[in-house]
Amino acid sequence: MDLETSLGRIRAQLSGMERMTRILRAEIESQISGFAPGTMEHEEEVPSGLGSLFRAASPLASMAVDPYGHFAPDVWIGLDHETTDAGATVAMKALRRPGPGGEGRGVARLSVNPVFPLARKPRWVTLETAVSVETLRQARALRIDTISFFQIGPGNTAEIPRSVTMNLRLHRAGGKTSDHLGHRIPVSTMPFEHAARVSRATLAEIDLKDVSEATIILELPLAGNYTLHLDHFALLAIDEG
């Protein structure tokens, strides 16, 4: 059996498993709602550049990106270009599965490969996406879902940290900014699903009234031969019931 045939069969099996999971979830939630409808968690996606990128599931050819230049709408790489000449390339593999009415469902993998100078470390390298301020204001609580892993290149000698940080940066008038959340996401070499929750109490402490822009920032390691592979991103406004 050749590789293409084998992968096709695995894909078909995964589709069946996903279908059975959806059926089971619908059945369980319908049973729960009959007993305690107010305890169910409801969710609504907060519009973001990365969320739209994964929902569209359109491939991107490998490209070198400019610091803070949008390689997709509302998605960019933050690079310290003042003290070093660090760079990065990005690419996206994507596939849209056929579905009812021609809608289908997309699957995608965004790959980010930073390139570091030998002389001096950059102060930051980040994957960033704009998010809807208006939807954030209306949210009671948040959940940030990601699936990611790091591919460590051959011959890497740099120490890769065990986790990376995800922040919510808020921009206000006069150029003022503030960072919130500080969630740590483990650095794994196997696909890892992570859900970062922002409780109702925590979100209530963040003043959003005069915020003009909001950005989710994933801080990447500042040295090493590695590629970040991001297979899923969703920022969700949740009602914990």
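Here is a short report on the structure shown in this document. (Residues numbered from 1 in each chain as written. Predicted model: local features only at pLDDT ≥ 70, side-chain atom pairs only at ≥ 80, totals over all residues. Heavy atoms only, no water.)

With respect to the overall build of the chain
Here's step 1: Scanning the chain from terminus to terminus reveals four helices and 13 strands.
Here's step 2: Taken over 241 residues, the chain has a buried fraction of 39%.
Here's step 3: Long-range contacts, defined as pairs at least 24 residues apart, comprise 76% of the intrachain contacts of the chain with a sequence gap of at least 6.
Here's step 4: Carbon and sulfur atoms make up 55% of the accessible area of the chain, which totals about 14000 Å². (Helix = DSSP H or I, 4+ residues; strand = E, 2+ residues; numbered from the N terminus. Buried < 20%, exposed > 50% of the residue type's maximum accessible area, 1.4 Å probe, protein only. Contact = heavy atoms within 4.5 Å. Areas by Shrake-Rupley, 256 points an atom, 1.4 Å probe, with all protein chains shown as cover.)

Remarks on the nonpolar core
Here's step 1: Membership of the largest hydrophobic core comes to 50 residues, with the highest contact counts inside it found for Leu50, Phe71, Ile77, Leu110, Leu127 and Leu142.
Here's step 2: Sorting elements by how many residues they give to this core places strand β13 (residues 226–239) first, with six residues.
Here's step 3: Those residues in contact with isoleucine 77 that sit more than four places away from it in its chain are Val65, Asp66, Pro67, Tyr68, Phe71, Ala88, Val90, Val112, Thr126 and Leu127. (Core = buried A, V, L, I, M, F, W, Y, C linked by side-chain atoms within 4.5 Å.)

Here's the deal with the pattern of salt bridges
Here's step 1: Within this structure, the stated rule accounts for ten salt bridges.
Here's step 2: With a shortest N-O distance of 3.3 Å, arginine 137 and glutamate 134 are connected by a salt bridge. Of this pair, arginine 137 and glutamate 134 both sit in helix α3 (residues 133–138), three residues apart, which is roughly one turn of the helix.
Here's step 3: Look at arginine 137 and you get partly exposed, because its relative accessible area is 34%.
Here's step 4: One salt bridge in this structure joins arginine 143 and aspartate 145, with 2.9 Å as the shortest N-O distance.
Here's step 5: Classification of aspartate 145 as buried rests on a relative accessible area of 13%.
Here's step 6: A single network of salt bridges, built from pairs that share partners, joins Glu43, Arg143 and Asp145. (Salt bridge = Lys/Arg side-chain N within 4 Å of Asp/Glu carboxyl O.)

Here we look at the layout of surface pockets
Here's step 1: The space that makes up the second largest pocket amounts to roughly 200 Å³.
Here's step 2: Around the second largest pocket, the lining comprises twelve residues; the ones closest to its centre are Phe116, Pro117, Leu118, Ala223 and Gly224.
Here's step 3: In terms of residue class, the lining of the second largest pocket is made up of eight nonpolar, two polar and two charged. (1 Å grid on protein atoms, 1.4 Å probe; cavity = no way out; pocket = protein on both sides within 12 Å on 5 of 7 lines; lining within 4 Å. Points joined across faces, edges and corners; volume = space filled by probe spheres on them. Nonpolar A, V, L, I, M, F, W, Y, C, P; charged D, E, K, R; others polar.)

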